[in-house]
Amino acid sequence: MAKKTVKDVDVAGKRVLVRVDFNVPLKEGRVTDDSRIRASLPTIQYLREQGCRVILMSHLGRPKGGPDPAFTLDPVAMRLGQLLEIPVRKVSALTGPGVEAAAAEMGAGDVLLLENSRFDPRETKNDPALVADLARLGDMYVNDAFSAAHRAHATTAGLAAVLPSAAGFQMEKEVAALDGLLREPKHPFVVVLGGAKVTDKIKVIDRFLDLADQILIGGAMAFTFLKAQGLSVGASKVEEEGLEVALQALDKAAESSCRLVLPTDVVAADDFAETAATRVVAAGEVPEEWMGLDIGPETAVAYAQAIGGAAEVFWNGPMGVFEMAPFAAGTLAVAEAMAACAGVTVVGGGDSVAAVNKFGVADKMDHVSMGGGASLEYIEGADLPGVVALPDKDQA
Ligand code: ADP
Ligand code: MG
């Protein structure tokens, strides 16, 4: 169901509380990757152009229920100010007299950033008292943080219940991209799944078995599938508790029109290290004490070909330990095939998005989801509290 966006409601001149996702990596007091801040700019700029007073809220990291200087949003305010080319005022609390005074001093087009919402223990409890304190600051609430929408917190869901609300543009984009592939995927629809654990993604596999034409498996997860079929995976990372679900997925695939494709060759190493000895072996013949750390060249070519012929591709999870150069080729092959694919291409997941950025092909994708866990839950079919709480387009 499409949600009302900031364009569907009258925002002109209002005081608008905006939940953004500024959960960015920091190093020595600086933002090392500002893609999430950039993703929030269209909504912030639109509201400023409409003469709004824009009050921003976000969490950052996992502070233990109280203020922690390691997780302050000060570096974010600095970077946001540079990107917007205006001074961004930052307060050192989420609520209270200082915040109310700063909000009262705002003029049209001003931007105020509140402190890390998780410094307040009431945030994750969706405490009505916190919701009320925040709601006093604004005339309306905008949620632009799809990646936090799987949490029912005060700033992600609670505020939508007490203020007139709408989705921001990033939220709209994320939901539209995922709805596109869940509701009306173009065929051939190819899904590429890799990463660490089968158990993390089994529900995603299950959903895509109903929707896709092929699911290409890579990453550590492939070895749980191979072992479940009785093949030799040596010392590769296998999830014992995932063997049963892998078999169930293979059974379901056998009865469906979707092919579940496993690697035919892998890059094996004698150690989990950049300097390890490596060799390419058949997927079911990893020598004892060796571990598979990437899909092999034959598999990479086959996967790239399948991606090249797709009308729609969704990718989550790296094909190997791409953080180490000797095991990055499979992930690079998938990234490049997607970049060259003429179909609709969507990438989601923390590490897969990091890979796409590292290989410099992010701007060749139709959609790079900042969603992480929220995208996977959405694909599984879960109702995300932050999305559900927003009014539908046709709602009065
Ligand atoms: P995403 O964040 O994109 O959803 P995951 O978190 O599931 O992906 O998995 C990413 C991690 O999986 C990476 O850190 C990568 O090094 C690791 N990985 C991929 N392939 C292997 C493998 N064959 N053996 C061990 N680890 C692997
Ligand atoms: Mg990850």
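It should be noted that the structure appears before, not after, this text.
Our subject in this report is the structure included herewith.

Criteria and thresholds
- Within each chain, residues carry numbers counting from 1 in the order of the written sequence.
- All chains are assigned letters beginning with A, and all ligands numbers beginning with 1, in the order in which they are written.
- In view of the model being predicted, local features appear only for residues whose pLDDT reaches at least 70, and side-chain atom pairs are presented and counted only at 80 or more, with totals across whole chains, interfaces and linings using the full set of residues.
- With hydrogens and water stripped out, all remaining heavy atoms of the structure feed into the side-chain values.
- What makes a residue near a molecule or strand is one non-hydrogen atom of that residue sitting within 4 Å of it.
- Under the rule applied, a polar contact is a pair of N or O atoms within 3.5 Å (in protein, one hydrogen donor and one hydrogen acceptor; residues adjacent in sequence only if both atoms are side-chain atoms).
- Where accessible areas are quoted, they stem from the Shrake-Rupley method and a 1.4 Å probe; at the residue level, only the protein chains shown are allowed to cover.
- Where helices and strands are cited, they refer to DSSP runs of H or I of at least four residues and of E of at least two residues respectively, numbered from the N terminus.
- For two strands to be treated as a pair, DSSP must find no fewer than two bridges joining them.
- Only protein chains enter the accessibility calculation, which uses a 1.4 Å probe. A residue is then buried if its area is under 20% of the maximum for its type, exposed if over 50%, and partly exposed in between.
- The term nonpolar core refers to a set of buried residues drawn from Ala, Val, Leu, Ile, Met, Phe, Trp, Tyr and Cys, joined through side-chain atoms within 4.5 Å.
- The contact rule is simple, with two residues in contact once any of their heavy atoms fall within 4.5 Å.

With that settled, consider the site of ligand 1. Residues in close proximity to ligand 1 total 18 residues, the closest being K201, G292, E323, D351 and S352. With respect to ligand 1, the backbone of A220 contributes an N or O atom lying 3.2 Å from a nitrogen atom. Alone, ligand 1 offers 580 Å² of accessible surface; in the complex the protein occludes 85% of this. Where the shell around ligand 1 is concerned, the elements lending two or more residues are β14 (291–295) and α11 (350–358).

This next bit is on the sheet that holds strand β5 (residues 89–90). Taken in spatial order, the six strands make up an open sheet running β5-β6-β4-β1-β7-β8, and their pairing is parallel. The open sheet terminates on both sides in strands that have one partner only, identified here as β5 and β8 (165–167). Where strand β1 (residues 15–19) and strand β7 (residues 140–143) come together, four bridges link them in parallel fashion. Directly across from V16, in β7, lies its bridge partner M140.

Taking burial as the measure, the five residues of β14 include five buried ones, the bulk of the element. Where strand β12 (residues 265–269) lies against β14, four bridges are found, and the strand directions are antiparallel. Bridge pairing in β14 links A268 to G292.

By size, the foremost hydrophobic cluster in this structure holds 72 residues, and its most contacted members are L114, I205, F208, I215 and F225. Those residues in contact with I215 that sit more than four places away from it in its chain are V191, L193, I205, F208, L209, C258, R259, L260 and V261. V11, V24, M140 and F169 belong to the second-largest nonpolar core, a separate cluster that totals 31 residues.

So, on to unusual backbone geometry. A cis amide bond, omega 0°, links H187 with the succeeding residue P188. Phi at E28 takes a positive value of approximately 50°, unusual for a residue other than glycine. Counting through the fold element by element, E28 comes out in the loop between β2 (26–27) and β3 (30–31). In this structure E28 comes out as exposed when scored by relative accessible area, which is 77%. Positive phi outside glycine occurs at E289, with the angle close to 70°. Residue placement: E289 occurs in the loop between β13 (278–282) and β14. The exposure class assigned to E289 is exposed, which follows from its relative accessible area of 64%.

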